[in-house]
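Coordinate inspection notes
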There are 4 protein chains.
Amino acid sequence: MSTTTERDCDNANLLDRYLHIRLATERLCAPLVTEDYVVQAMPDASPIKWHLAHTSWFFETFVLRPHLVGYMPLHEAYEALFNSYYNSIGTPFPRPERGHLSRPTVAEVYAYRAHVDKAMLTLLERLPESLGPVVDLGLNHEQQHQELILTDLKYALAVNPLRPAYVENGARTEGPTLQLNFVAFAGGLTEMGFDGSGFAFDNELPRHRVYLRPFQLANRAVTNGEFLQFVEAGGYQSWELWLSEGWRVSQERGWQAPLYWEQHDGAWWRYTLAGMRPLETQGPVTHVSYYEADAYARWRGKRLPTEAEWEHAAATQPTLGTFLDDGWYEPRPATGPDNALAQMLGDVWEWTQSAYLPYPGFHPLSGGLGEYNGKFMMNQMVLRGGSCATPRSHIRVSYRNFFPPDARWQFSGLRLAEDC
Amino acid sequence: MSTTTERDCDNANLLDRYLHIRLATERLCAPLVTEDYVVQAMPDASPIKWHLAHTSWFFETFVLRPHLVGYMPLHEAYEALFNSYYNSIGTPFPRPERGHLSRPTVAEVYAYRAHVDKAMLTLLERLPESLGPVVDLGLNHEQQHQELILTDLKYALAVNPLRPAYVENGARTEGPTLQLNFVAFAGGLTEMGFDGSGFAFDNELPRHRVYLRPFQLANRAVTNGEFLQFVEAGGYQSWELWLSEGWRVSQERGWQAPLYWEQHDGAWWRYTLAGMRPLETQGPVTHVSYYEADAYARWRGKRLPTEAEWEHAAATQPTLGTFLDDGWYEPRPATGPDNALAQMLGDVWEWTQSAYLPYPGFHPLSGGLGEYNGKFMMNQMVLRGGSCATPRSHIRVSYRNFFPPDARWQFSGLRLAEDC
Amino acid sequence: MSTTTERDCDNANLLDRYLHIRLATERLCAPLVTEDYVVQAMPDASPIKWHLAHTSWFFETFVLRPHLVGYMPLHEAYEALFNSYYNSIGTPFPRPERGHLSRPTVAEVYAYRAHVDKAMLTLLERLPESLGPVVDLGLNHEQQHQELILTDLKYALAVNPLRPAYVENGARTEGPTLQLNFVAFAGGLTEMGFDGSGFAFDNELPRHRVYLRPFQLANRAVTNGEFLQFVEAGGYQSWELWLSEGWRVSQERGWQAPLYWEQHDGAWWRYTLAGMRPLETQGPVTHVSYYEADAYARWRGKRLPTEAEWEHAAATQPTLGTFLDDGWYEPRPATGPDNALAQMLGDVWEWTQSAYLPYPGFHPLSGGLGEYNGKFMMNQMVLRGGSCATPRSHIRVSYRNFFPPDARWQFSGLRLAEDC
Amino acid sequence: MSTTTERDCDNANLLDRYLHIRLATERLCAPLVTEDYVVQAMPDASPIKWHLAHTSWFFETFVLRPHLVGYMPLHEAYEALFNSYYNSIGTPFPRPERGHLSRPTVAEVYAYRAHVDKAMLTLLERLPESLGPVVDLGLNHEQQHQELILTDLKYALAVNPLRPAYVENGARTEGPTLQLNFVAFAGGLTEMGFDGSGFAFDNELPRHRVYLRPFQLANRAVTNGEFLQFVEAGGYQSWELWLSEGWRVSQERGWQAPLYWEQHDGAWWRYTLAGMRPLETQGPVTHVSYYEADAYARWRGKRLPTEAEWEHAAATQPTLGTFLDDGWYEPRPATGPDNALAQMLGDVWEWTQSAYLPYPGFHPLSGGLGEYNGKFMMNQMVLRGGSCATPRSHIRVSYRNFFPPDARWQFSGLRLAEDC
């Protein structure tokens, strides 16, 4: 048990992080016009104003309503309207219809955020120790939605024939690509899962033993240029490279290249958050589904790593990058010694060949928050590492992201692996 | 051929009408917030900003581009983006995805309107005589979209759990309902179709002979109160009252009452453009599909009129209301002599049992405008009379509105008929 | 009221017709193997054994159960299993799943027929006068299913890559095509609808007056050779020839020619009930939807006739063919004087531009049989004339066949019309 | 390398097995009428005659065509018609339409089998050593289809309102259920995957190390009676017990109990291959999806085992049953010492919580047969143990069966597990 002083200090830190993270969400929206907040271009993506409201709803529902005496919700209808999928809270408004709602307006949603923030500040000043974890969860939840704001917005702007840009100049100029090498790992009996002292999602626990055969991992992610070779070699026309379901999906949807790639007059372009840009061959390929990642790996005579291999490799490499004092993560540059792993964290989500399933001994959180992760453990694949859109302080070696194998609108790419 | 002076006068009138009608469209939008312009709550409805742009696109495409020397379109992408269904103009942006577009913004759409208006004013000052009809068509087209703006907006606001109002106080207070009577018509050989000197759509032509058996027509529209009796008598649970396809549709969609009706604690409410209101039993029932109108009539032992019967009755009644000098139409009040027809024009669109098919001798307009009406003559039913949302100067006895038999989001109701 | 003797005579005739028609149904099935009776290749078509059973069910349900004292149904489950769409009888087994049923077997279905026939013979020997019309309806119903047996079977055999033949040599050798001419009709006030003394469906009644403008009707049906010109001229790629809904459907389903046409090495073939045959250019085009018929007519600068025009023309031509004493109809040969109408009856169902709607004063049959026709009067178009697959004694000038405008598996073609 | 004599002996054995297994397939069909061979009641199930033909096609395609000089296929069209999913062989006839084909007839399919058998016998008399594995694969393939013949047939008979029986008396009389106990396993580093000398599918290889935490496994499968408690306790109405996707599916399809269960007058019945029977509470529950199995386990406070746990437990139990000399397997009776595992093999397929993914170091077969297993490793879950419908000689401890988590038409049940 911590002393009062320590708890005050913890609370001060939490309050500080609360303000920092909530503000960061709104800063992401600074370049938007009102209309950009409203649209929903596919069922999997949500309107930006929904993200702004839902993250506030999370604090209202799991912190303020049960724990702040006298808290008055701003609007009773918001309970259902901004409930994502928590059956314990009631019947959520249907996800595919989130874009049908003009009201509450963007301004009203910001007022909702302010209403929640004001109450949270009151509570955070004298937060009972037991509430720390749920506030922490709420902040990590908000960070997840920060990334979704960018991916959902990108999708909505990209389907617009005007191809509007979110920022003027967001495209990174990639340096020369690191020479591709494979780094060998001896495998054996090892451990995986979170073991730090800070925050982790329930799905990263418990830490447990796994046995690995010797394997090799590529020292960097697959680049756009390399993936272009696959495209041009007819990879999208070669059923023998694809999983059966992947081939069906790719044919049905007419996939010919990663999402957002377009060919004009023989040249390849790519929609980015800074608008249409010539394809940067040096940068990591993004916006590929598991099926495409898997087909690419097969074409190269390689395979995707398992999440255990990936985590083992990441955990045993001392030079992935630097976690700074404020939690910010500075990735190791993609240039450097060829026998070390680059781009493991914070560049691109890397598909693994592991299904998203509970770790041995897994227990979901108790209460309504038990719906956070566990109930989605079916028909999804694990991605590791974090992308350029992931908040730096949200990145962890043990972090398990997950999406269905046909999802393409995330910053998802791959790194090759092979048996020794 | 008209003299120069007459033509100048005509042009002045046309210019005046142009300004009047274009302004009326924008006035309809005055109560909206930006977000209201963006959403599309079902494929059949369009975002309000799409209506604003599409009506401008019509003038740009069919008047300005071909006929105003030196006209510069504001944005090349708008040609496809705001094309509704004219294959002759190119491939339209897919209708169900109109609500996926945040850009152009509402402000940009208004700028587009201003751009078109400015060019139109230049042209209208010295309009070649031959262009009068196409400008007239554009204005009537814009008036059609004025009604669609209200119906599409109503739909989008109604699906919102907040049930926001468009106007503070738009609900009419209905006086006491006229006693229901049937007015007899002898039938015989008569004529139908437009024969005036002003504007008419191609589908109202040519005027032609039809033979009618003796029939009777109700002196007013069916009211909410009468339709409520059908609801409460189990009309929605009685397959024997319904067309086969109507029964299938009503079961599949779970229809239990007209669109926008809701029952709370035993009392019936209705969403209106002024928000949720207790059901006004005196007013005409609206937002029923053909299937519901037809089932209601069968339940009463009556039937729907044919469009020939409806037009014949309307054309031979001197007291439907008054067309004022400015084209404005003042409907005959629903109170008055019981043996005369009330509510024929401007109260509610009345489903007829006539399929929307070409009149004998019909010829569509030539060129791209030939796509305006003719190609939709299949699987739709004719409605007559105009609703409370129809611009008054747009109402005509020979006017043929048409919608698929399952459509409910228009102000559509019915009037009973029977054989003599 | 008829005397006993007359009634006995009527009954003898009815019994004779009963035996003749029931036997004719089974003779149609003589060439089938057991497996052919079972399959259902699309929801609109039914397994042949279902037709055999359903036509028996009709007599059992509407004649035997209510009127034959002591009648014992063969199997209680058949009431629902072979109910097509009569809600008054109970909940029918779902239509699209009729092909999922291996039992009752074909032999059991024939036993069901025998069981019903035996009881019907008992009843027919002393049939109450009032039952004559319903037996007559049952026989006409069975004749309708005789045609459906052929069209449904043809569809099922045609989708089979083996393209098996139903009969060895069923393809007619067409003589030289009659020179195309248009026969003029003055129109005016005329009558349509059944007025004979024999059997007619309720939808052919009442006879009523219509007014027709002068029109011309082609002296014969459109041929395969003529329709091939449309195909080769790019008719299926020319949106401007099509109704909006027709264009959508044709694109979605990839229509490039009439159903059953196939091109091999540049030559056109057609699946017929006698297997694959080179396209007979002289024969009437069949298996086109309303949309294709309509597009073809537009391409030729003509139109489809209305059903009133068609019936008026047929009724006023003395030489359509000969109705023999036994009710058998002998069509007028397609060769003959050019100014007379050929192929009006018994060659091919001809799409008209008339929606299938009730005649003025229409009343459906009372009781459960009221579901026979009236409830389908929506989103269907009328066809006239009868096809090569229609039983000869089933053909009538006033006969109204009807199918949705996208239906192609019937022997449906067209005849051109135009205004004078 | 084996000597000629040994090979002759192997071939004799293989020939003997070939005849035995091919005959067993046809014996399964002995109770069928012709119609039963034809129908396809859902896309996942195939007509019985398709199974008979496809298993023959397998030998024709992978053995006879490439390896028997002078082999003449019976019909060229069969290559596509009976290809299940091998893109390397060409474009298969669409799976959901297999039930649309009346031809080839059942007799023709048996003739096809005879044609293939005759050629196989010729080949098997002097079979090159290298072909042994592919013939062996073909026989195991045929055994898989033997089970599918039973499950697909059961589905087709069960959807038939007549609920016809396949056999007169096939329902086992279950003895008293073994008392439920949990058997503890210490876990640790162990091995899994096939290591015998006989046949195994590629997906059972390579044998590899895994690390297991201590766990307990139920000594028998969950019974109908136990599952009935879940049904009656509202398990199908309790979202909190279900995976998110499972809840969605169960709601959408209206699941209220396992497939084939029906409640009549308060009593539970179950369709079996011997027709409708009162629910045998003692027998293992079958025909539950992964979602239902998983929800049941959660309701009991337990979980499903992983496939590694299952295989480890099975492999280390000496008394699962007896593999007789002829490969036939005699399961250990469900009565016996409570601390030993019963019903592990040959009673019911048991869902595991392991996704169907490649083992570390997995390599699919080369050539066209590489499509056999590997390309389906996505969105499926592993089942272990074999069911009452699995041929006894086809059962193996390392055998990996797999189905999508919503599949219910297999004999699929579950066994509980828990952490120590």
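Details of the structure are given in the entry above.
This text gives an overview of the structure that appears in the document. (Residues numbered from 1 in each chain as written. Chains lettered and ligands numbered in written order. Predicted model: local features only at pLDDT ≥ 70, side-chain atom pairs only at ≥ 80, totals over all residues. Heavy atoms only, no water.)

1. What about the interface of chain B and chain A?
Worth spelling out the cut-off: Residue contacts follow a heavy-atom distance rule, with two residues in contact if any of their heavy atoms lie within 4.5 Å. Buried area adds together the accessible area that both of two parts lose upon being put together, with accessible area traced by a 1.4 Å probe. When a carboxyl oxygen of Asp or Glu lies within 4 Å of a side-chain nitrogen of Lys or Arg, that pair is called a salt bridge. Pairs of N or O atoms within 3.5 Å make up the polar contacts considered here, provided that, within protein, one atom can donate a hydrogen while the other can accept it, and that residues adjacent in sequence are counted only when both atoms are side-chain atoms. To qualify as a helix, a DSSP run of H or I must reach at least 4 residues; to qualify as a strand, a run of E must reach at least 2; elements of each kind are numbered from the N terminus.
On the chain A side, the residues contacting the 29 residues of chain B number 29 residues. Carbon and sulfur atoms make up 64% of the area that chain B and chain A hide from each other, which totals about 2,300 Å². Where chain B touches chain A, the interface holds 2 salt bridges. Between Asp36 of chain A and Arg103 of chain B there is a salt bridge, with its nearest N and O atoms 2.5 Å apart. The tally of links from chain B across to chain A stands at 10 residue pairs in polar contact (both at pLDDT 80 or more). Secondary structure elements with two or more residues in the side of chain B that touches chain A: helix H4 (106-125) and helix H5 (132-158) of chain B.

2. A short note on the nonpolar core
Our working rule: Only buried Ala, Val, Leu, Ile, Met, Phe, Trp, Tyr and Cys residues count toward a nonpolar core, and they belong to the same one when joined by side-chain atoms within 4.5 Å. We call a residue buried when its accessible area falls under 20% of the maximum for its residue type, exposed when it is over 50%, and partly exposed in between, using a 1.4 Å probe and counting protein chains only.
Formed by 404 residues in total, the largest nonpolar core has its most connected members in Val135 of chain C together with Val135 of chain D. In contact with Val135 of chain D, not counting residues within four places along its chain, are Leu14, Phe59, Val63, Met120, Leu124 and Leu127 of chain D.

3. Section: the sheet that holds strand E10 (residues 349-355) of chain B
Residue and element names in this part refer to chain B. To keep things clear, this is the line we draw: At least two bridges found by DSSP between two strands is the condition for calling them paired.
Taken in spatial order, the 4 strands line up as E12-E11-E10-E13 in an open sheet, and their pairing is mixed. The open sheet has two free edges, formed respectively by strand E12 (401-403) and strand E13 (412-413), since each of these has just one partner strand. Judged from the 3 bridges that link them, E10 and strand E11 (residues 381-384) form a sheet pairing that is antiparallel. Across the sheet, Trp351 pairs through a bridge with Leu383, a residue of E11.

4. Focus on the side chain of Asn373 of chain B
Secondary-structure assignment places Asn373 of chain B in the loop between E10 and E11. Look past the residues within four positions of Asn373 of chain B in its chain and what remains in contact with it is Phe201, Asp202, Asn203, Tyr356 and Phe402 of chain B.

5. A look at the packing of helix H6 (residues 224-232) of chain D against helix H8 (residues 290-299) of chain D
Residue and element names in this part refer to chain D. As a reminder of what qualifies: Whenever a helix is involved, its axis is fitted only over the stretch in contact; in every case the axis is a line through C-alpha atoms, and angles between N-to-C directions fall within 0 to 180 degrees. An angle below 35 degrees is treated as roughly parallel, one above 145 as roughly antiparallel, one from 65 to 115 as roughly perpendicular, and anything else as oblique. Three classes are used: nonpolar for Ala, Val, Leu, Ile, Met, Phe, Trp, Tyr, Cys and Pro, charged for Asp, Glu, Lys and Arg, and polar for all others, with Gly counted as polar.
At a minimum axis separation of 11 Å, H6 and H8 run at an interaxial angle of 80°. Classified by the angle their axes make, H6 and H8 are roughly perpendicular. Across the interface between the two elements, Glu226, Phe227, Gln229 and Phe230 from H6 touch Glu292, Ala295, Tyr296 and Trp299 from H8. Considered class by class, the residues forming the contact of H6 with H8 number 5 nonpolar, 1 polar and 2 charged.

6. Looking at the relation of the copies chain B and chain A
Stated precisely, the cut-off is as follows: Residues below a pLDDT of 70 in either copy are left out; the C-alpha atoms of the rest, at least 70 in both, set the least-squares superposition of the copies.
Once chain B is rotated about the relating axis by 180° and shifted along it by 0.0 Å, it coincides with chain A to within an RMSD of 0.0 Å. Here the transformation between the copies is reduced to the relation of a two-fold axis. Rotation axis and chain B: the residue whose C-alpha lies nearest the axis is Glu35 of chain B, separated from it by 3.1 Å. Residue by residue, 100% of the interface of chain B is reproduced at the interface of chain A, so both copies engage with the same surface.

7. Comments concerning the arrangement of the chains
The two units chain A and chain C never meet; even their closest C-alpha atoms stay 14 Å apart. With respect to C-alpha atoms, chain B approaches chain D no nearer than 14 Å, and the pair has no contact.

8. Describing the relation of the copies chain D and chain C
The operation relating chain D to chain C is a screw motion whose rotation component is 180°, with 0.0 Å of axial translation and a residual RMSD of 0.0 Å. By residue overlap, the copies meet face to face through one surface: 100% of the interface positions of chain D are interface positions in chain C.

9. A word on the pattern of salt bridges
Per the stated rule, a full pass over the model turns up 108 salt bridges over all chains. Among the ionic pairs, Arg22 of chain C bridges to Glu142 of chain C, the shortest N-O distance being 2.9 Å. Of this pair, Arg22 of chain C sits in helix H1 (residues 4-28) while Glu142 of chain C sits in helix H5 (residues 132-158), and the two are 120 residues apart along the sequence. Comparing Arg22 of chain C with Glu142 of chain C shows no difference in burial state: the two are buried. Residue Arg298 of chain D is joined to Asp294 of chain D by a salt bridge in which the shortest nitrogen-to-oxygen separation is 3.0 Å. With Arg298 of chain D and Asp294 of chain D both in helix H8, this residue pair falls 4 residues apart, about one helical turn. Residue classification places Arg298 of chain D among the partly exposed positions, given a relative accessible area of 37%. In this structure Asp294 of chain D comes out as buried when scored by relative accessible area, which is 10%.

10. A closer look at unusual backbone geometry
A cis amide bond, omega -5°, links Arg103 of chain A with the succeeding residue Pro104 of chain A. For Pro104 of chain A, the position within the fold is in the loop between helix H3 (78-81) and helix H4 (106-125). The phi dihedral of Tyr260 of chain A falls on the positive side, at around 80°, and the residue is not glycine. Among the structural elements, Tyr260 of chain A can be located in the loop between helix H7 (244-252) and strand E5 (261-264). Here Tyr260 of chain A falls in the buried class, since its relative accessible area comes to 8%. Residues other than glycine seldom take positive phi values, yet Asn379 of chain D does so here, at roughly 60°. Note on placement: Asn379 of chain D falls in the loop between strand E10 (349-355) and strand E11 (381-384).

11. So, the interface of chain D and chain C
Often, the extent of an interface is quoted as the loss of accessible area upon association of its parts. Opposite the 29 residues of chain D that make contact, chain C presents 29 residues. If you look at where chain D meets chain C, you find 2 salt bridges. The interface formed by chain D and chain C contains 10 residue pairs in polar contact (both at pLDDT 80 or more). Contributions of two or more residues to the side of chain D that touches chain C are made by helix H4 (106-125) and helix H5 (132-158) of chain D.

Remember that the coordinates give geometry; whether it matters functionally is a separate question.
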